[in-house]
Every structure is written in structure tokens, then in C-alpha cells.
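Okay, here's what each chain looks like letter by letter:
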Amino acid sequence: MSKPQDGQAKVVPPAGKKKPCPLCGKPGDDVCRPFCSKRCADLDLGRWFKGDYRVATEERPSEGDFEDDDDLDNI
Ligand SMILES: [Zn+2]
């Protein structure tokens, strides 16, 4: 039995090289990155829901789909 070698060295990110929080500019947190804290992550998420994210839902389904309801009477 050969002892498993540590062929894959653990990749340790260099400290102090974290990207700053996009919201407040503080150093990012490993857990909440790229944000500095859960609070900033939630704030950014909120902006998505209030802003750009809603634009994607503006699209209406094609009206033709609703006419298929008539088929239900034939069953
Ligand atoms: Zn922040």
C-alpha cells in the first residue's frame, strides 16, 4: 500500500488580495464574496429584484396560448 501523495497542493488564496465589495468597497468576505458581508449581498440582491431583474419578466406570454382552453371541453 502506497501512501497517497499530496499531488494536488491546496490552493490558498493570497491574503489581502480579495476583491473589494462592489457596494461599499470594503474587502470582500470569503463567505459572502464578492461582498464584504451578508448585508451587502442582500442589498445587491434587493436591487436586482427592484431593478433590472424585473425587466426580464416584462415579456408577456403569447396570447395564442390562452385559446387552447377550448380544447378542454372536448375531453
Ligand atoms: Zn460591503
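Higher on the page you've got the structure.
Residues numbered from 1 in each chain as written. Predicted model: local features only at pLDDT ≥ 70, side-chain atom pairs only at ≥ 80, totals over all residues. Heavy atoms only, no water.

Colleague: How should the overall build of the protein chain be read in this particular structure?
Modeller: When its secondary structure is counted, the protein chain shows two helices and zero strands. Counting every position in the protein chain, which comprises 75 residues, the buried fraction comes to 9%. Long-range pairs, those at least 24 residues apart, make up 0% of the contacts in the protein chain between residues at least 6 apart in sequence. Summed over its atoms, the accessible surface of the protein chain is roughly 7600 Å², and 53% of this surface lies on carbon and sulfur atoms. (Helix = DSSP H or I, 4+ residues; strand = E, 2+ residues; numbered from the N terminus. Buried < 20%, exposed > 50% of the residue type's maximum accessible area, 1.4 Å probe, protein only. Contact = heavy atoms within 4.5 Å. Areas by Shrake-Rupley, 256 points an atom, 1.4 Å probe, with all protein chains shown as cover.)

Colleague: Is there a simple way to explain the pattern of salt bridges in this structure?
Modeller: Should their charged atoms come close, side chains of opposite charge can pair. Under the counting rule described, the total for this entry stands at two salt bridges. The closest approach of N and O atoms between K38 and D42, which form a salt bridge, is 3.4 Å. Of this pair, K38 and D42 both sit in helix α1 (residues 38-50), four residues apart, roughly one helical turn. Owing to a relative accessible area of 40%, D42 belongs among the partly exposed residues under this scheme. When the shortest N-O distance is used, the salt bridge between D44 and R47 registers 3.7 Å. Here the residue D44 and the residue R47 both occupy positions in helix α1, the gap between them amounting to three residues, near one helical turn. (Salt bridge = Lys/Arg side-chain N within 4 Å of Asp/Glu carboxyl O.)

Colleague: Got a minute to help me understand the environment of P20 in this structure?
Modeller: By the secondary structure assignment, P20 is in the segment before α1. Sequence separation between P20 and R33 is 13 residues, and the spatial gap between their C-alpha atoms is 8.9 Å. Setting aside anything within four residues of it in sequence, one finds P20 in contact with G25, K26, P27, G28 and P34.

Colleague: What should I look at first to understand the coordination of the zinc ion in this one?
Modeller: Perfect tetrahedral coordination of a metal by four donors corresponds to 109.5 degrees between them, and perfect octahedral coordination by six donors corresponds to 90 or 180 degrees. Coordination of the zinc ion by the protein is provided by C21 (SG), C24 (SG), C36 (SG) and C40 (SG), with metal-donor distances spanning 2.3 to 2.4 Å. One can describe the site at the zinc ion as tetrahedral: its four donor atoms subtend angles covering 99 to 119 degrees at the metal. When the donor residues of the zinc ion are listed from N- to C-terminus, their spacing reads C-x2-C-x11-C-x3-C. The pair formed by C36 and C40 is uniform in burial state, with each residue classed as buried. (Donors = N, O, S within 2.8 Å, 3.2 Å for Na, K, Ca; no water. Tetrahedral: all angles 85-135°; square planar, octahedral: opposite > 155°, others 65-115°.)

Colleague: Would you mind showing me how to read the side chain of D44 here?
Modeller: A residue is classified by how much of its surface remains accessible, and D44, at 16% relative accessible area, is buried. Residue contacts for D44: discarding those within four places in its chain leaves L23 and F35.

Colleague: Is there a simple way to explain the environment of F35 in this structure?
Modeller: By the secondary structure assignment, F35 is in the segment before α1. Distance from F35 to C24, taken between C-alpha atoms, is 8.5 Å for residues eleven residues apart in sequence.

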